[in-house]
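Listed below, chain by chain, are the residues.
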Amino acid sequence: MVSGRPTSAAELLARVVIEAGGDASQAPTDSGLRALGGVPLSSRTATGDLALVSVAAVALAAGIDLTRVDPVRVAVAYRSDRYLEVGGTPPPVWAPLSGFWASADGWVRTHGNYPHHARALRTALDLDDRAGAEAVARTLETLHTAEAVRRISEAGGLAVAVRPEDRAADEALRRTPVVDVAITEAIGRRRGKDRRLPSPGAAGQAPLAGVRVLDLTRVIAGPVCTRTLALLGADVLRIDPPHLPELPWQHLDTGHGKRTALLDARGAALHDLLETADAVVLGYRPAALERLGLSPDALAARYPGLLVAQLSAWGTSHPERAGFDSLVQAESGIALIEGDGGRPGALPAQALDHSAGYLLAAALTQLLRHRDGHSRVVRTSLRRIAAELLGMPRTPRASALPEVDASGHLARFDVDGETIVTAAPALPGLAFDAPHGWGTDAPHW
């Protein structure tokens, strides 16, 4: 909010442009944004405006004509998991143990898409390995919310209480940057820094041609950020730990244009990659990065000139907390705002994830195109994005919007002999390269 009133889309866009060091005079007014049309994402909160601002911020940073942004394509991109097909079949996006559950005194939101989180949830509730949603529901309705969340969290699972919004906490968050850019003292060229020339042809004309980005992210927000950088011409290499498989469909939905390799982050090989990277994007819990010696401040000091971007669910003030978009929606109050009849609801897309990814990509694009030799640390979190959404205008009820025709906003690829259908890029005039199979590339530039 601005001076106690809801923040308009144009005000938010100008703010994020300034935070990244861009020229706010290039950002459109409210009427200019309205002329693009509304993004058809039906909700009580301003999800469509947040989506439009997030994509527009990248377009401005990359020098792309904003008037070409298609609001329908933005909506399809934000709801990409709804349109994904693998071998002609939509994958199961939500696992049975992910959802809202009535407790003895309220509601609990769990996330069990990853097998290790589902196992921890069953363990916490004293259920066997085959227990399904009905058994979880029966158990949780006997527990008070705080007890359920405590037990699941202590077992290594993911659960939060569904809470009303905390206006004071949100206002405090909104007094901090949406995307925080901090300059460090480190400046200069690294020993052995191997700068590549832009590649020939069309890719060489892309805004980020010749830029190397190391991707240490998972799930949605971080991969959306790095997918966007790849779309703009960057050479993006995603690194995952060998012992922690990614959900196959999730990687295919956000892996476009990137190479993907498996590597133990504790070895010297990762630091060899960092030595000649221009930027690194971090998506693991802040405390986990600290234990690995990969905290943003440590990396910026060790590799002068490196841009370090960090995404987290809850922000750096909660370094040990893991989280997902759906959990942040539930704990921040969004779920109750979007619910009906006393039952919590959800945004029409995982908009906190997507917006965090696009806004971080916008800041990195601006900084990479105007480098001055300084290292910088760029941060945002899903909780910070949630606070911004909660400070934007609302409507008493979600508008009834017709289902969009996505047929003209999809892309098709062959990945390892299988046909993959995904959403096309939200940015106009660009086309995705095919995603690679997860972990199938070599871990080198």
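Residues numbered from 1 in each chain as written. Predicted model: local features only at pLDDT ≥ 70, side-chain atom pairs only at ≥ 80, totals over all residues. Heavy atoms only, no water.

**As for the nonpolar core**
The biggest cluster of nonpolar side chains holds 100 residues, and the ones touching the most others in it are Leu13, Tyr78, Leu229, Leu352 and Leu364. At 12 residues, the largest contribution of residues to this core is made by helix α17 (residues 351-369). In contact with Leu229, not counting residues within four places along its chain, are Leu208, Val213, Ala234, Val236, Val281, Ala361, Leu364 and Thr365. One finds Leu216, Leu274, Leu294 and Leu306 within the second-largest nonpolar core, a separate group that totals 20 residues. (Core = buried A, V, L, I, M, F, W, Y, C linked by side-chain atoms within 4.5 Å. Buried < 20%, exposed > 50% of the residue type's maximum accessible area, 1.4 Å probe, protein only. Helix = DSSP H or I, 4+ residues; strand = E, 2+ residues; numbered from the N terminus. Contact = heavy atoms within 4.5 Å.)

**Things to note about the pairing of strand β6 (residues 212-216)**
Here β6 lies mainly inside the structure; five of its five residues are buried. Neither face of β6 is open: one carries Arg212, Leu214 and Leu216, the other Val213 and Asp215, and all of them are buried. The pairing of β6 with strand β7 (residues 235-240) spans four bridges and is classified as parallel. Its bridge partner being in β7, Leu214 is matched across the sheet by Leu237. As for the winding sense of the linkage, the β-α-β connection from β6 through helix α10 (residues 221-231) to β7 is right-handed. (Pairing = 2+ DSSP bridges. Right-handed = clockwise from strand over helix to strand, strands pointing away.)

**Some remarks on the packing of α10 against α17**
Direction vectors running N to C along α10 and α17 enclose 40 degrees, while the axes themselves pass 7 Å from each other. One finds that α10 runs oblique with respect to α17. Judged by the twist between their axes, the crossing of α10 over α17 is right-handed. Contacts from Ala221, Val224, Cys225, Arg227, Thr228 and Leu229 of α10 reach α17 at Asp353, His354, Ala356, Gly357, Tyr358, Leu360, Ala361, Leu364 and Thr365. Taken together, the residues that form the contact of α10 with α17 break down as nine nonpolar, four polar and two charged. (Axes fitted to C-alpha atoms, helices over the stretch in contact; angles between N-to-C directions. Parallel < 35°, antiparallel > 145°, perpendicular 65-115°, else oblique. Left-handed = near helix turned anticlockwise from the far one by under 90°. Nonpolar A, V, L, I, M, F, W, Y, C, P; charged D, E, K, R; others polar.)

**Re the sheet that holds strand β4 (residues 159-161)**
Taken in spatial order, the three strands line up as β2-β3-β4 in an open sheet, and their pairing is antiparallel. Only two strands of the sheet have a single neighbouring strand rather than two, namely β2 (99-102) and β4. Across this sheet, the average inter-strand angle for adjacent strands is 30 degrees, counted without regard to direction. Strand direction decides the pairing type here: β2 and strand β3 (residues 107-110), joined by four bridges, are antiparallel. Each residue of the ladder has a partner; that of Phe100, found in β3, is Arg109.

**Describing the sheet that holds strand β13 (residues 418-423)**
On the basis of which strands lie adjacent, the open sheet formed by three strands has the order β1-β13-β12 and antiparallel pairing. Each edge of the open sheet carries a strand with a single partner, namely β1 (85-86) and β12 (410-415). Across six bridges, β12 lies against β13 in antiparallel orientation. By the bridge assignment for β13, Phe413 is matched with Ile420.

**Focus on the side chain of Arg376**
With respect to the helices, strands and loops of the structure, Arg376 is situated in strand β11 (residues 374-381). Of note is the side chain of Arg376, whose polar atom sits 2.9 Å from the side chain of Asp372. Excluding residues that lie within four positions of it along the chain, Arg376 makes contacts with Val181, Ala182, Ile183, Leu306, Leu307, Val308 and Leu367. (Polar contact = N/O pair within 3.5 Å; in protein donor to acceptor, adjacent residues only side chain to side chain.)

**Some thoughts on the confidence of the model for the protein chain**
When pLDDT drops low, the exact placement of atoms in the prediction is not to be read closely. Here the protein chain averages 93 in pLDDT, while 95% of its residues score no lower than 70. In this model residues 194-202 is a low-confidence stretch, pLDDT under 50, and it forms 14 contacts with partners more than four residues away in sequence or in other chains. (pLDDT = per-residue confidence, 0-100.)

**Notes on the packing of aromatic side chains**
A complete count under the given rule lists two aromatic pairs for this structure. A centroid spacing of 5.8 Å and a plane angle of 15 degrees characterise the contact between Tyr78 and Tyr358, whose relative ring orientation is stacked. Here Tyr78, found in helix α4 (residues 71-78), pairs with Tyr358, found in helix α17; they are 280 residues apart in sequence, far enough to count as distant. Taking the relative accessible area as the measure of exposure, Tyr78 reaches 1% and is therefore buried. Accessibility expressed as a relative area gives 3% for Tyr358, which makes it buried. (Phe/Tyr/Trp six-rings, centres within 6.5 Å; stacked < 30°, edge-to-face > 60°.)

**A short note on the environment of Val211**
The topology assignment puts Val211 in the loop between β5 (180-187) and β6. With a relative accessible area of 3%, Val211 lands in the buried category. Val211 sits 173 residues away from Arg384 along the chain, and the two C-alpha atoms are 28 Å apart.

**Considerations on helix α15 (residues 325-332)**
Here α15 lies mainly inside the structure; eight of its eight residues are buried. Those residues of α15 that fall on the buried side of the exposure criterion are Asp325, Ser326, Leu327, Val328, Gln329, Ala330, Glu331 and Ser332. Positive backbone phi, approximately 105 degrees, marks Gly333, located one or two places after α15.

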